[in-house]
Amino acid sequence: MGGGRKRGRTQRRHFKQGRENVWKHNPQRPPAGEGGGEGREGNPSWQPFATENPAFEEYYKEQKIIPEEEWDGFMSMLRKPLPATFRINASCQFFQDICSQLENDFRKSLETEVSDDHEEEAIRPLPWYPGNLAWHLNFSRMQLRRNQALESFHEFLKRENEVGNITRQEAVSMVPPLFLNVEPDHHILDMCAAPGSKTFQLLEMIHQSTKPGLLPNALVVANDVDVQRCNLLIHQTKRMCTANLIVTNHEAQNFPGCSLAKFCSETCMDGANLQRLEFDRVLCDVPCSGDGTVRKAPDMWRKWNAGMGNGLHRLQVEIAMRGMGLLKVGGRMVYSTCSMNPVENEAVVAEILRRCGDSVELLDVSNELPELARRPGLNTWKVRDRGSWFGVHEDVPRYRKSVISPSMFPSGKGSKDVEVNTDVVDADMKDSTVREGEQETNIANDDSDNGDKLKTEEKTEVDCESGEAPTRHKKPVLTSIRTEHSDYPLHRCMRIVPHDQNSGAFFIAVLHKLSPLNENHAVDEEQNISKDKTGKLEKNLGSDKVSSEENIAHQQVVDDTNVLNGEHNGGMDSGSSKNKNDAKVIGNEAEKGQAGIRDRRRQQNQGRWRGVDPVIFFKDEVTVKSIVSFYGIKDSFPLEGHLVTRNPDTSHVKRIYYVSKSVQDVLELNIKIGERLKITSLGLKIFERQSSKDGSPCTFRLSSEGLPLLLPYITKQILYASAIDFQHLLQYRTIKFPDFVDAKFGEDASALLPGCCVVVLREGHQDIESIATDPSAIAIVCWKGKTNLCVMVSPLDGKELLERISLRYGLKIPKLDKEKPSQEIAGSDEQADCATEADDQECLPESKTSDVEIPDAEEAE
């Protein structure tokens, strides 16, 4: 587990430093072939970034991932910047408006910007993505930023991305979730989820068919190993405003098994009552070398070397096998990487099939997404190590076999002789040794234009060939005289290459679980994981080099083991307390009972995981009744058991979150088994505490995020505004009651109880009573003061709504005179009537982990 801790520290370091992206940070650097040799103004010493790596070319030529006659076209495409792509959120309120705007406005206006260097269309939907929801631009991100003619479109993309109506994401990374065949009642696990674009895509799928006020039965658990990347994941997915998401923080290969059977005595082993968290779908987008992202991150050219894939292979197998263990029988798992390397791709899939035997099959999905250009997987490949090629594991030198494992090679039985160069390997290579796990495994990249997924390790010792051009006296030699051919149907895998559809590169395999896994370590993997972690960490505790972070991890692992032994009902100190009691004379039974109660209370208040606030069901009946009464919430809206908070002191709760029935079930199971899931975020923020000098009868206001869910069930504190008054509210944000155009609306507003209220746009609706249940209904949260009405949505969301209703109803947006305030804008003395926090706060858990600075959309792009 030392390697796991090292991975976590390195990933956090990369997250803080950020990934070097030449196209982004040096927008004036032209790519190769586009004026790169002319230099940059004001800096005559500047040299264009080298988009070449002889080791890279030699490696993939030898692997034969594409026919030789296509090589020049393949390399030429790799050297071009990646076109921008984005996906429309089909579950968003303005889905149809955005589609119309793209088809009728931007598509026509951008035609004039097409030059001879681009394709015929400036913007077009991706033909293989269902429903024309994904779009391809024939402009790179750099061009979007620099071209003034594209400025309005770029602003459109940024704004819609920030409010969650679109997601800027690399085209090929949209593919894996599509092959999961997600249904509205599925439990889905995204094992390596940060930065969250694929998770967001999965949430779109489960919400797409639901109506206002209804939640799907589905559940998405998004996991990542790093706390800071979990916060980025939360920042991304909070735009979806969903109650069906749980974000966890675990090593993917050690994701805890949540089975109630392990914590029941023999007397309670009733099969009907046993619970286990399993998943209908698993997305296994593993850490990888990331060379498929070279068009988006050209720094990969100089960093790439063959050892990167070799060093990640075992971790990839472990994560994939863990995913298989968590998958339900009959379920589907998608294994994917943004790498072209067969050691990270076909070799991992072959090893999964070998270990699982007849329990798992590799699906043929060639008939799905027929317009997606893809290549079949390879059945033969070689492994390169320290400048030498090997076709079978038997030919690997003995001192390297602990690093170059048999699973890296094709797992078939067949082999054939090939003509090879049998030059002797350098003698100094034989003398050197290297510990397992010290391979360079640099730079992996996920999908989103809003954040790079840094699933990496910093190398501690370079023990593989350099990414630079090899010198002549160190020309690689092929030492193996045999190659293997896999007997598994690996042609069913798919490899997406850039020159087929002007995209990045990706690898995808779809696996179907036919029966329970037939390996002991897979069946009861959770217990073995915990024992292994405990033993290794206890061994390291004697060293002075153990950090405080590792001590925390050790405490958590020891607690894991205690839970597995049935000691899950006590607090974190219950094990040590029990030992002390065993060493002393048994005391009074009543005192023991009180001590147990104190331990349970301590665990309830503190939570099991250090640095993360516990998830607590909100059961303050007085507060809930006041909320229901104030807003007139119908009995048909389920509240009991669906409200949670992250504050152990329920009397000082600031935010209340709403969770779906599926999330509620997982939370209850997690509590029963001793909180094995480390939950960093969950649920939909629905109520927030609000203090007011006016003395509102209700101490909690509605949250903008939760309003669409709650709107169909609200019967009080609700107003219906004309388009012009709704526009004025969004534009001026605070308006006195007499200043509304519709005098009746002003009177209705003044008659409300002081405090939070909802204003619904009535334009376009015939029956006011049915507006709230109309999917197209537009509503905002406001605050009713003594003399005015104040908008309580973020400026960004307000601007988005203002533009949408202006386009929909043909309203003009006059500019405000900043030097001479309008009479419609309430005076400064009235602003205090709606003293409140804006709804644009980060939807992060109230814990020590939430103080991480989250980059905005432009910085994370």
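Just so it is clear, the model here is predicted, and its values are computed rather than measured.

**Student:** Account for unusual backbone geometry, naming residues and giving values.
**Tutor:** Omega for the bond connecting A194 with P195 falls within 30 degrees of zero, at 5°, which places this linkage in the cis form. Here P195 shows up in the loop between β5 (187-190) and α9 (197-207). A positive phi angle is found at N132, which is not glycine, with a value near 55°. Within the secondary structure layout, N132 lies in the loop between β2 (123-125) and β3 (134-140). Phi at R733 takes a positive value of approximately 70°, unusual for a residue other than glycine. In this structure, R733 sits in the loop between α24 (723-732) and β26 (734-736). In this structure R733 comes out as partly exposed when scored by relative accessible area, which is 26%.

**Student:** Provide a residue-level description of the sheet that holds strand β27 (residues 755-761), including the pertinent values.
**Tutor:** Taken in spatial order, the 5 strands of this open sheet run β25-β27-β28-β29-β26, and their pairing is mixed. In the strand order of this sheet, the two ends are held by β25 (718-721) and β26, each with one partner. Strand after strand, the sheet turns through a mean of 30° between neighbouring axes, direction not considered. Relative to strand β29 (residues 788-791), β26 is paired through 3 bridges, and the arrangement is antiparallel. Across the sheet, K736 pairs through a bridge with N788, a residue of β29. Contacting β25, β26, β27, β28 (779-784) and β29, α24 crosses the sheet at an angle of about 130° to β27.

**Student:** Please provide a residue-by-residue account of the pairing of β29, values included.
**Tutor:** Within a regular strand, side chains alternate between the sheet's two faces. Alternating residues of β29 divide into N788 and C790 and L789 and V791, and every residue in both groups is buried. Where β28 lies against β29, 3 bridges are found, and the strand directions are antiparallel. Bridge pairing in β29 links K784 to L789. The turn joining β28 and β29, which pair antiparallel and follow one another in sequence, is formed by 3 residues.

**Student:** Can you lay out the pairing of β3 for me, pointing to particular residues and giving the numbers?
**Tutor:** Within β3, 7 of the 7 residues are buried, which leaves it mostly tucked inside the rest of the structure. Bridge analysis of strand β1 (residues 83-88) against β3 gives 4 bridges, and the strand direction is antiparallel. What sits directly across from F86, in β3, is W135.

**Student:** Explain helix α25 (residues 743-751) to me, and be specific about the residues and the numbers.
**Tutor:** One full turn of an α-helix is made of 3.6 residues, so residues set three or four places apart face in the same direction. Every buried residue of α25 is listed here: F745, G746 and A749. Down the axis of α25, the buried side of the element spans an arc of 100°, and every buried residue falls inside it. Those residues of α25 that are exposed and aimed more than 90 degrees away from the buried face are A743, E747 and A751. Where α25 is buried, its residues touch β25, α24, β27, β28 and β29. Looking at where α25 begins, the residue whose side-chain oxygen comes 3.1 Å from the main-chain nitrogen of K744 is D742.

**Student:** With reference to specific residues and values, describe helix α3 (residues 54-63).
**Tutor:** For α3, the complete set of buried residues consists of A55, F56, E57, Y59, Y60 and Q63. Lining the buried residues of α3 we find α4 (71-78), α11 (300-303), β12 (383-385) and β13 (388-390). With a side-chain oxygen positioned 3.0 Å from the backbone nitrogen of A55, the residue opening α3 is N53. K64 sits one or two positions beyond α3 and adopts a positive phi of about 55°.

**Student:** Go over the UniProt feature "binding site: S-adenosyl-L-methionine" (unreviewed entry) in the chain, please, and point to the residues and values.
**Tutor:** The residues that UniProt annotates with the feature "binding site: S-adenosyl-L-methionine" (unreviewed entry) are C192, A193, A194, P195, G196, S197, K198, D224 and D285. The largest pairwise C-alpha distance within this set of annotated residues, which runs over 94 residues, is 13.1 Å, so the set is compact in three dimensions. For C192, the location among the structural elements is in the loop between β5 and α9. Secondary-structure assignment places A193 in the loop between β5 and α9. The exposure class assigned to A193 is buried, which follows from its relative accessible area of 2%.

**Student:** Give me the confidence of the model for the chain: which residues, what numbers.
**Tutor:** The predicted model of the chain averages 75 in pLDDT, with 66% of residues at 70 or higher. Here helix α28 (residues 857-860) stands out as the least confident element of the chain, with mean pLDDT 32; strand β18 (residues 506-513) is the most confident, with 98. Segment residues 4-8: pLDDT under 50, and 14 contacts once partners within four positions in sequence are set aside and those in other chains are kept. Segment residues 816-861: pLDDT under 50, and 109 contacts once partners within four positions in sequence are set aside and those in other chains are kept.

**Student:** How would you sum up the nonpolar core? Please name residues and give values.
**Tutor:** Ranked by internal contacts, the top residues of the largest apolar core, which has 84 residues, are W304, M324, Y335, V349 and L511. In terms of residues, this core owes the most to one element, helix α12 (residues 307-326), which gives 9 residues. With residues near it in sequence (within four places) discarded, M324 still touches M333, I352, C356, V360, L511, K513 and L517. In terms of nonpolar packing, the next biggest core, distinct from the first, is built from 64 residues, F179, I206, V220 and I508 among them.

**Student:** Before we move on, can you summarise the sheet that holds strand β24 (residues 700-702) with the specific residues and values?
**Tutor:** Sheets are built from strands that pair by backbone hydrogen bonding, the pairs being arranged parallel or antiparallel. Ordered by their spatial adjacency, 5 strands build an open sheet running β19-β20-β21-β23-β24, and the pairing between neighbours is antiparallel. Both outer strands of the open sheet, β19 (616-617) and β24, are each paired with one neighbouring strand and no more. Pairing of strand β21 (residues 655-658) with strand β23 (residues 684-689) involves 4 bridges; the strand directions are antiparallel. Directly across from R655, in β23, lies its bridge partner E688. On top of the sheet, helix α21 (residues 621-631) reaches β20 (643-645), β21, β23 and β24; it is set at about 45° to β24, its chief contact.

**Student:** Hey, could you go over the packing of α9 against helix α10 (residues 227-237) for me, with residue numbers and the actual values?
**Tutor:** The relative placement of two packed helices is expressed as an angle between their axes plus a distance between the axes. Interhelical geometry of α9 versus α10 gives an angle of 35° and a closest axis separation of 9 Å. Handedness of the α9/α10 crossing: right-handed. Where α9 approaches α10, its residues S197, T199, F200 and L203 are matched on the opposing element by L233, Q236 and T237. In terms of residue class, the contact of α9 with α10 is made up of 3 nonpolar, 4 polar and no charged.

**Student:** Before we move on, can you summarise the packing of aromatic side chains with the specific residues and values?
**Tutor:** Using the criterion set out here, one finds 17 aromatic pairs in the structure. Aromatic pair W71 and F74: ring centres 5.3 Å apart, planes at 50°, arrangement tilted. Here W71 pairs with F74, and both are found in helix α4, just 3 residues apart, close to one helical turn. By the burial criterion, W71 is buried, and F74 matches it. Following the ring pairs from residue to residue traces out a cluster consisting of F56, Y59, Y60, W301, W304 and W389. Against the face of F200 rests R239, its NZ or CZ located 4.4 Å from the ring centre.

**Student:** Run through the environment of G292, naming residues and quoting values.
**Tutor:** The residue G292 is located in the loop between β8 (279-285) and α11 in this model. Remark: the alpha-carbon pair of G292 and G504, spanning 212 residues in sequence, is separated by 5.8 Å.

**Student:** Residue-level account of the UniProt feature "active site" (unreviewed entry) in the chain, with values.
**Tutor:** The UniProt entry lists C338 under the feature "active site" (unreviewed entry), expressed in the numbering used here. Mapped onto the elements, C338 comes out in the loop between β9 (327-337) and α13 (346-356). Given the relative accessible area of 1%, C338 is considered buried.

**Student:** So what's going on with the packing of helix α5 (residues 95-109) against helix α26 (residues 795-809)? Which residues, and what values?
**Tutor:** Following both chains from N to C, one finds α5 and α26 inclined at 70°, their axes separated by 12 Å at the closest point. When the interaxial angle is binned, α5 and α26 end up roughly perpendicular. Viewed along their axes, α5 and α26 form a crossing whose handedness is left-handed. For the pair α5 and α26, the contacting residues are D97, I98 and Q101 in the first and R804, L807 and R808 in the second. For the contact of α5 with α26, the per-class residue count stands at 2 nonpolar, 1 polar and 3 charged.

**Student:** Tell me what's going on with the pattern of salt bridges, and back it up with residues and numbers.
**Tutor:** Tallied over the full model, the rule gives 32 salt bridges. For K296, the salt bridge identified is with E170, shortest N-O distance 3.7 Å. Pair noted here: K296 is in the loop between β8 and α11 and E170 is in the loop between β4 (166-168) and α8 (175-178), with a separation of 126 residues, a long-range link. Residue class for K296 comes out buried when judged on its relative accessible area of 3%. For E170, a relative accessible area of 4% translates into the label buried. Salt bridges here are not isolated pairs; linked through shared partners, they connect R159, E160, E800, E803 and R804.

Definitions and limits used
- Residues numbered from 1 in each chain as written.
- Predicted model: local features only at pLDDT ≥ 70, side-chain atom pairs only at ≥ 80, totals over all residues.
- Heavy atoms only, no water.
- Helix = DSSP H or I, 4+ residues; strand = E, 2+ residues; numbered from the N terminus.
- Buried < 20%, exposed > 50% of the residue type's maximum accessible area, 1.4 Å probe, protein only.
- Pairing = 2+ DSSP bridges.
- Axes fitted to C-alpha atoms, helices over the stretch in contact; angles between N-to-C directions.
- Contact = heavy atoms within 4.5 Å.
- Arc of directions from axis to C-beta.
- Polar contact = N/O pair within 3.5 Å; in protein donor to acceptor, adjacent residues only side chain to side chain.
- UniProt positions renumbered as here; feature names shortened; annotations may be inferred.
- pLDDT = per-residue confidence, 0-100.
- Core = buried A, V, L, I, M, F, W, Y, C linked by side-chain atoms within 4.5 Å.
- Left-handed = near helix turned anticlockwise from the far one by under 90°.
- Nonpolar A, V, L, I, M, F, W, Y, C, P; charged D, E, K, R; others polar.
- Phe/Tyr/Trp six-rings, centres within 6.5 Å; stacked < 30°, edge-to-face > 60°.
- Lys NZ or Arg CZ within 6 Å of the ring centre and 35° of its normal.
- Parallel < 35°, antiparallel > 145°, perpendicular 65-115°, else oblique.
- Salt bridge = Lys/Arg side-chain N within 4 Å of Asp/Glu carboxyl O.

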